Every structure is written in C-alpha cells, then in structure tokens.
Amino acid sequence: MLLFRDFIARFGQRQPDGSVAFDSTIQSLVVSTMSLGTLVGALSGAYTADWWGRRRSLSFGVFIFIIGNVIQITAMNSWVHLMIGRIVAGLGVGNLSVGVPMFQSECCPREIRGAVVASYQLMITIGILVSNGINMGVRDNPGQDSDASWRIVIGLGIAFSLPLGIGILFSPESPRWLAGRGRWEDARMSLARLRGQKENPTHELVNDDFKEMEESIAEQNKAGKGTWVECFTGQPSGIPRLVYRTFLGCALQFFQQWTGVNYFFYVSASSWTDTVSDRFNSTARPSSKLLASRTPSRCSSFLVP
C-alpha cells in the first residue's frame, strides 16, 4: 500500500522539489508502530486469557483488531490518524498471538499438538502471501489512484478475522483453564467434546488426557505462583536453570526477528522500487542512490543463517 498513488497523496509529505512522498521517518513510524502495539498486546494477552477464559480473550483480541482497522479505514489525510489505527490493531494482533497458540496447545491431543501449534505460524505466512496477492489485484482494479484500493485491503482484514472472533465462541472452553479454576467436571466435558466423545465423557481417550492434565496442574501448583522477577533471578522457587530458560526463549525470538524477515514483509516493495529507479533514472534522489548501493549487501546479510 505504501506505493499506491492515492495513499501517498493522502498521507505523504510535500518534498522540496514540490512532489509528494513519504518522509523516511514518518514512513518508518507508520509501519513500525503496529509492532509496538503488538508488543503491548502480547504482554496483556496472558492476563486477559486468565481473567476471562481463552475463548472470550480471543474474541476480545479480534474486537480490538477490528476497531484498529476501522480507525485506519476512516483516515482521510492524516498520517497520525492512520498510525493510531495501526497501534490499536497491533494491540489486537498481540493479544491473539498469545491466545491462539495457547488455546491450540491446551485443546489438542499430545500426538498432534506440535503440528497444530506450528500451523499457526504457517497460516500467518500464507496470509501474508494472500494479502500481497490482494494488493496486486486492487492496484489494477479499482486502481491505485482510488482510495478504494487501500481501504479494501484493510477492510478485508476485518472479514478474515470475524470467523475467529465469532466461531471461537461456539468452541469448547480450554479444559486446562477450567481445571485451573477447580471446575473439573466442566473440564472433563470440554475434553469429551474436543475428542468427539460428548456422549461418553469417561472414554479412554478422555481419561488419558484428563489424567495428563491433572498431573500437569498438580506439578504446577506444587511449584507455587511465580513472578516476573523470578524469571530473571530464579528465586525464591529455586527451579534449576530458570534464568537460562528465560534468556533462551528471548534469544530465539530475538534472532528470528534479527534475520530481517520483517524488512521483506513491510518495506521490501518500497526498497526494491527505489533500487530499480536508480538503475534507470539518473535523476534519482541521493537517499535512493544510497539505498540502492546498500540493498544487495543488506539483503544478503538477512539470508546468512
């Protein structure tokens, strides 16, 4: 969308030569502030999931995401308006990024648990592919000179999120969340529904998973209630290598982002456009020439394992 002419005309800035284009700082803010909202939303997602249950927390995340998209769609000429919408949408995305894998892992049989949780990331990648295809479609019809081009793209995000926000309310609640609140019979019935044994909640499949859940929760209760500080000190619980586990998890996420994957997802189109322009346009802006000279080395560095 950053390349659509109507989008640039509405939210871009007047340049010294009289043209309208995004200032690099403002473009970076519009793009990156969604990740800021995602960070806050992810930190809050665990709390909403514990307070309201997994299903209602997921519906809440979808609701916040839709509010953010509506704010973006209604933006007319203010990049600040657009940026606020992205922050709010990011809050919803962050909440869902915690809640969805949590719900999947707590509801799936252990035999397929890893594959199901991994499918979450796969579906995100497929969604990015689909969104790029939609961007290519609306660029030609209704055309990038129409505001409908980018409003349609943002609006379709609402359509794709509604099945999750509404459909999850018809699913059984997480049996682990129910059991954690002492609602063991409800937890058994939820497990029975998830295993296709609604009429026989004492079925062997249900009993096996129920026993595993009982043992897991008993072990968790024995460890006591943890705090944020304990993640970085390992005290007072004295759990072995707790600090190591904390930093291992942080490092995995850090290096995943450090590969530069978000560069390709968010601004690669703009960067490659500038690069091609430098090749064939001798009057390209100095900043574009600098970007063109650095793009090949930058991209190659992202691909180094």
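Note: the structure precedes this text.
Residues numbered from 1 in each chain as written. Predicted model: local features only at pLDDT ≥ 70, side-chain atom pairs only at ≥ 80, totals over all residues. Heavy atoms only, no water.

Participant: How would you summarise the pattern of salt bridges if you had to cite specific residues and measurements?
Facilitator: In the structure shown here, the tally under the stated rule is 13 salt bridges. Measuring nitrogen to oxygen at the nearest pair gives 3.6 Å for the salt bridge that ties Arg10 to Asp147. Taken together, the residues Arg10 in helix α1 (residues 5-11) and Asp147 in the loop between α5 (113-143) and α6 (148-167) connect sequence positions 137 residues apart. Among the charged side chains, a salt-bridge network with shared partners connects Arg110, Arg113, Arg195, Asp209 and Glu212. (Salt bridge = Lys/Arg side-chain N within 4 Å of Asp/Glu carboxyl O. Helix = DSSP H or I, 4+ residues; strand = E, 2+ residues; numbered from the N terminus.)

Participant: An account of the environment of Phe65 is needed here, citing residue identities and associated values.
Facilitator: Locating Phe65 in the fold gives a position in helix α3 (residues 54-73). Looking at Phe65, the relative accessible area reads 14%, which means it is buried. Sequence-wise, Phe65 and Ser161 are 96 residues apart; in three dimensions their C-alpha atoms are separated by 8.3 Å. Phe65 has contacts with Ala89, Gly92, Val93, Gly157, Ile158 and Ser161, leaving out every residue within four places of it along the chain. (Buried < 20%, exposed > 50% of the residue type's maximum accessible area, 1.4 Å probe, protein only. Contact = heavy atoms within 4.5 Å.)

Participant: Describe the nonpolar core, and please don't skip the residues or the numbers.
Facilitator: Counting residues in each nonpolar core, the largest one holds 15 residues, and the members touching the most others are Leu2, Phe4, Phe7, Phe11, Phe22, Leu82 and Trp150. Listing elements by their share of this core, those giving two or more residues are α1, α2 (24-52) and α6. The contact partners of Phe4, leaving out residues within four places of it in the chain, are Asn135, Val138, Arg139, Gln144, Ser149 and Trp150. Core analysis: the next-biggest nonpolar cluster, separate from the first, contains 10 residues, Ala179, Ala187, Leu191 and Ala192 among them. (Core = buried A, V, L, I, M, F, W, Y, C linked by side-chain atoms within 4.5 Å.)

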